[in-house]
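Notes for the structure review
One letter stands for each residue in the lines below.
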Amino acid sequence: AEDMEYRLRTGEVVDQSTYPMVPHMRREAARLQTFSSWPPTAPVRGQDLAQAGLYYLGVQDQVQCFCCGGRLGGWETGDTAWGEHTKHFPHCFFILGHDVGNITFQAST
Ligand SMILES: [Zn+2]
């Protein structure tokens, strides 16, 4: 937790002009919609993936982050959306807690 707080404070100076990579998926509600065809057998819920900045690409179980553009797939039991996103794309500005224009359900109501 300490490390994350440190990054949040120092993150202000980073150039964020190229983010998010996929601006039209900034809205959590839009991301959640892509999971309407998400395989029901997948061990991770679409709701959790959308919350972690990910949206469904419509192929197998492949998702992409609206911010860093990183792709994830091959979800296994025990995986979490935030956990895998953090593990594979630790420098993602959304993961680091920067303001990248994410619109949560709360913000949009
Ligand atoms: Zn990301």
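For clarity, every value in this text was computed on a predicted model and none was experimentally measured. (Residues numbered from 1 in each chain as written. Predicted model: local features only at pLDDT ≥ 70, side-chain atom pairs only at ≥ 80, totals over all residues. Heavy atoms only, no water.)

The next subject is the overall build of the protein. The secondary structure content of the protein amounts to 5 helices and 3 strands. If you list the helices and strands of the protein from N to C, you get α-α-α-β-β-β-α-α. Across the protein, contacts joining residues at least 24 apart in sequence account for 48% of those joining residues at least 6 apart. Element-wise, carbon and sulfur atoms account for 52% of the exposed surface of the protein, whose accessible area totals about 6,600 Å². (Helix = DSSP H or I, 4+ residues; strand = E, 2+ residues; numbered from the N terminus. Contact = heavy atoms within 4.5 Å. Areas by Shrake-Rupley, 256 points an atom, 1.4 Å probe, with all protein chains shown as cover.)

What follows deals with the nonpolar core. W38, L49, L54, V63, F66, C67 and W75 are the most contacted members of the largest nonpolar core, which has 26 residues in total. Residue assignment for this core shows that the elements contributing at least two residues are α3 (46–51), β1 (54–56) and β2 (63–65). Not counting the four nearest positions on each side in its chain, W38 is found in contact with V44, R45, G46, L49, Y56, D61, Q62, V63 and W75. (Core = buried A, V, L, I, M, F, W, Y, C linked by side-chain atoms within 4.5 Å. Buried < 20%, exposed > 50% of the residue type's maximum accessible area, 1.4 Å probe, protein only.)

Moving on to the pattern of salt bridges. Applying the stated criterion to the full structure yields 2 salt bridges. Note that R45 is salt-bridged to D48, the shortest N-O span being 3.2 Å. R45 gets classed as partly exposed once you look at its relative accessible area, which sits at 48%. Residue classification places D48 among the partly exposed residues on the basis of a relative accessible area of 27%. (Salt bridge = Lys/Arg side-chain N within 4 Å of Asp/Glu carboxyl O.)

We now examine helix α4 (residues 81–88). Along α4, the positions that sit buried rather than exposed are A81, E84 and H85. When α4 is viewed along its axis, its buried side chains cluster within an angular range of 100° and face the same direction. Considering only its buried residues, α4 is in contact with α3, β1, β2 and β3 (71–72). (Arc of directions from axis to C-beta.)

With that settled, the discussion passes to the coordination of the zinc ion. Only C65 (SG), C68 (SG), H85 (NE2) and C92 (SG) from the protein reach the zinc ion as donors, at distances of 2.1 to 2.3 Å. For the zinc ion, the 4 donor atoms are set out with angles of 100 to 121° between them, so the coordination reads as tetrahedral. Each donor residue of the zinc ion lies on one chain, and together they are spaced C-x2-C-x16-H-x6-C. With a gap of 20 residues between them, C65 in strand β2 and H85 in helix α4 connect regions that are remote in the sequence. Accessibility expressed as a relative area gives 0% for C65, which makes it buried. Residue H85 is classed as buried on the basis of its relative accessible area of 0%. (Donors = N, O, S within 2.8 Å, 3.2 Å for Na, K, Ca; no water. Tetrahedral: all angles 85-135°; square planar, octahedral: opposite > 155°, others 65-115°.)

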